[in-house]
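Letter by letter, the chains look like this.
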Amino acid sequence: MGISKSETIPVRSSAEVVSVRHVVRKWAVDLGFSLIEQTKIVTAASELARNMVDYGGGGNLRLEALEDGGRRGLRLTFEDKGPGIADVEQALRDGFTSGSGMGLGLGGARRLANEFSIDSKPGEGTRVTIARWKGGS
Amino acid sequence: MERIPILKMGRFLLVSIQIDMDDRTALGLQDDLTEQIVKHNAKGVLIDISSLDVVDSFIGRMLANIAAMASILDADTVVVGMQPAVAITLVELGLSLKGVRSALNIERGMELLQANVAEAEGMAGGDLEE
């Protein structure tokens, strides 16, 4: 699997969450994603970017255009140096929230992506990676 | 912070969200609408989201909050013009938008609000005659 293009952008404020939506949309369009595919990955990115600003003290988003035997995809990695998540399984459950949110961020983003992984260490930070493939359900 | 304009039309308030709102702008709209409902004694709120190509859980919660507050203030809320891709994504996200009524377009939304007001007044009129 190859990475044909990558970019890293900072996400520290609610205005930058809006920028994330625009940048991810542009990449999804450039990769030839359908409108529904675009909407799903942009919405997932919005959830994860907001989580990072609200709970992780801000962080970075890395975008990568993937190529794998003719398949094209978009991988997004959200990384912060915040307090981390003590119980990842609990955080993935719908309705779980430690703040003012609805608790749909992580679980919702997982459903909207084709691939999802999370790595969090209390006191060190959180890294969430999602990917969507063009033509993936 | 940008502000979303709220238009008064008879007993209804109209909002057309034309920009990609950040969270503060969304909260500002929620507060402004609640204030304007009271100020104008509005009976209905119509929110056009046909320009929104993303509705995430925060914007969804804002729509649900507006509907809940309007309901307490005796006003109906109708959300119109949701794009199909947005609707599909919302379902997968897990957001049910309970309490938010929706209509295909502004025209249908206005008809819905007017029918609700007419029905409420009909019931009130009936009470007086008894």
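This text follows the structure it describes.
This is a predicted model, so every value here is computed, not measured. (Residues numbered from 1 in each chain as written. Chains lettered and ligands numbered in written order. Predicted model: local features only at pLDDT ≥ 70, side-chain atom pairs only at ≥ 80, totals over all residues.)

**Some points on the overall build of chain B**
What chain B contains, in helices and strands, is four helices and five strands. Walking chain B from its N terminus toward its C terminus, one meets helices and strands in the order β-β-α-β-α-β-α-β-α. The C-alpha radius of gyration computed for chain B amounts to 15 Å, which stays within 12% of the reference 14 Å derived for 130 residues, consistent with globular compactness. For chain B, buried positions account for 34% of its 130 residues. Partitioning the intrachain contacts of chain B with sequence separation of at least 6 by distance along the chain shows that 76% fall at a separation of at least 24. (Helix = DSSP H or I, 4+ residues; strand = E, 2+ residues; numbered from the N terminus. Rg over C-alpha atoms; globule rule 2.2 N^0.38 Å. Buried ≥ 20, exposed ≤ 12 C-beta atoms within 10 Å, placed from the backbone. Contact = placed C-beta atoms within 7 Å.)

**Comments concerning unusual backbone geometry**
Most of the time, phi is negative for any residue but glycine, and the peptide bond is trans. Positioned with a positive phi, B:Asn41 is a non-glycine residue whose angle comes to about 50°. Topologically, B:Asn41 is positioned in the loop between helix H1 (23-40) and strand E3 (44-48).

**Considering the sheet that holds strand E2 (residues 59-68) of chain A**
Residues and elements named next belong to chain A. One open sheet accounts for five strands, arranged E1-E2-E3-E5-E4; its pairing is antiparallel. Of all the strands in the sheet, just strand E1 (2-11) and strand E4 (115-121) have a single pairing partner and so form its edges. Each strand of the sheet is rotated relative to its neighbour by a mean of 15°, with strand direction disregarded. Where E1 lies against E2, nine bridges are found, and the strand directions are antiparallel. In the sheet register, Pro-10 faces E2, and the bridge partner there is Asn-60. (Pairing = 2+ DSSP bridges. Axes fitted to C-alpha atoms, helices over the stretch in contact; angles between N-to-C directions.)

**Things to note about the interface of chain B and chain A**
Opposite the 18 residues of chain B that make contact, chain A presents 23 residues. Mapped onto the side of chain B that touches chain A, the elements with two or more residues apiece are H1, helix H2 (57-72) and helix H3 (84-93) of chain B. The leading source of residues in the side of chain B that touches chain A is H3(B), at six residues. Here the residues of the side of chain B that touches chain A sort into seven nonpolar, three polar and eight charged. (Nonpolar A, V, L, I, M, F, W, Y, C, P; charged D, E, K, R; others polar.)

**A short note on the pairing of strand E1 (residues 6-9) of chain B**
In the case of a regular strand, side chains alternate between the two sheet surfaces. All names here are of chain B. Bridge count between E1 and strand E2 (residues 12-16): four bridges; the pairing is antiparallel. Pairing of Lys-8 across the sheet is with Leu-13, part of E2. The antiparallel hairpin formed by E1 and E2 contains two residues in its connecting segment, where Gly-10 sits at a positive phi of about 60°.

**With respect to the nonpolar core**
A:Val24, A:Ala45, A:Ala49 and B:Val45 are the most contacted members of the largest nonpolar core, which has 62 residues in total. Looking at this core, the element that brings in the most residues is helix H2 (residues 35-55) of chain A, giving eight residues. Ignoring anything within four residues of it in the chain, the contact list for A:Val24 reads A:Ile41, A:Val42, A:Ala45, A:Leu63 and A:Leu76. (Core = buried A, V, L, I, M, F, W, Y, C linked by C-beta atoms within 7 Å.)

**Thoughts on helix H1 (residues 14-30) of chain A**
Compared with the 24 Å implied by 1.5 Å per residue over 17 residues, the 25 Å span of H1(A) between its first and last C-alpha is a close match. If you check which residues of H1(A) are buried, you get A:Ser14, A:Val17, A:Val20, A:Val24, A:Trp27 and A:Ala28. Buried positions in H1(A), seen along its axis, are confined to an arc of 115° and lie on one side of it. Across from the buried face of H1(A), at angles greater than 90 degrees, the exposed residues are A:His22, A:Val29 and A:Asp30. The inward-facing, buried residues of H1(A) abut E1, H2, E2 and strand E3 (71-80) of chain A together with H1 of chain B. A positive phi of about 80° marks A:Gly32, the residue just after H1(A). (Expected span 1.5 Å × (residues − 1). Arc of directions from axis to C-beta.)

**A look at the packing of H1(A) against H2(A)**
All names here are of chain A. At a minimum axis separation of 9 Å, H1 and H2 run at an interaxial angle of 150°. Considering the angle they form, H1 stands roughly antiparallel to H2. For the pair H1 and H2, the sense of crossing is right-handed. Contact residues: H1 offers Ser-14, Val-17, Val-20, Arg-21, Val-24, Arg-25, Ala-28 and Val-29, while H2 offers Glu-37, Gln-38, Ile-41, Val-42, Ala-45, Ser-46, Ala-49, Arg-50 and Val-53. Tallied by class, residues from the contact of H1 with H2 come to 10 nonpolar, three polar and four charged. (Parallel < 35°, antiparallel > 145°, perpendicular 65-115°, else oblique. Left-handed = near helix turned anticlockwise from the far one by under 90°.)

**Quick look at the pairing of E3(A)**
All names here are of chain A. Of the pairings in the sheet, the one linking E2 to E3 comprises 10 bridges and is antiparallel in character. Among the inter-strand pairings, Arg-62 is bridged to a residue of E3, identified as Thr-77. Turn length for the E2-E3 hairpin, with the two strands adjacent in sequence and antiparallel, is two residues, and the turn residue Gly-69 shows positive phi of about 55°. Pairing of E3 with strand E5 (residues 125-133) involves eight bridges; the strand directions are antiparallel. Of the residues in E5, the one forming a bridge with Glu-79 is Arg-127.

The values are spatial; any link to function lies outside them.
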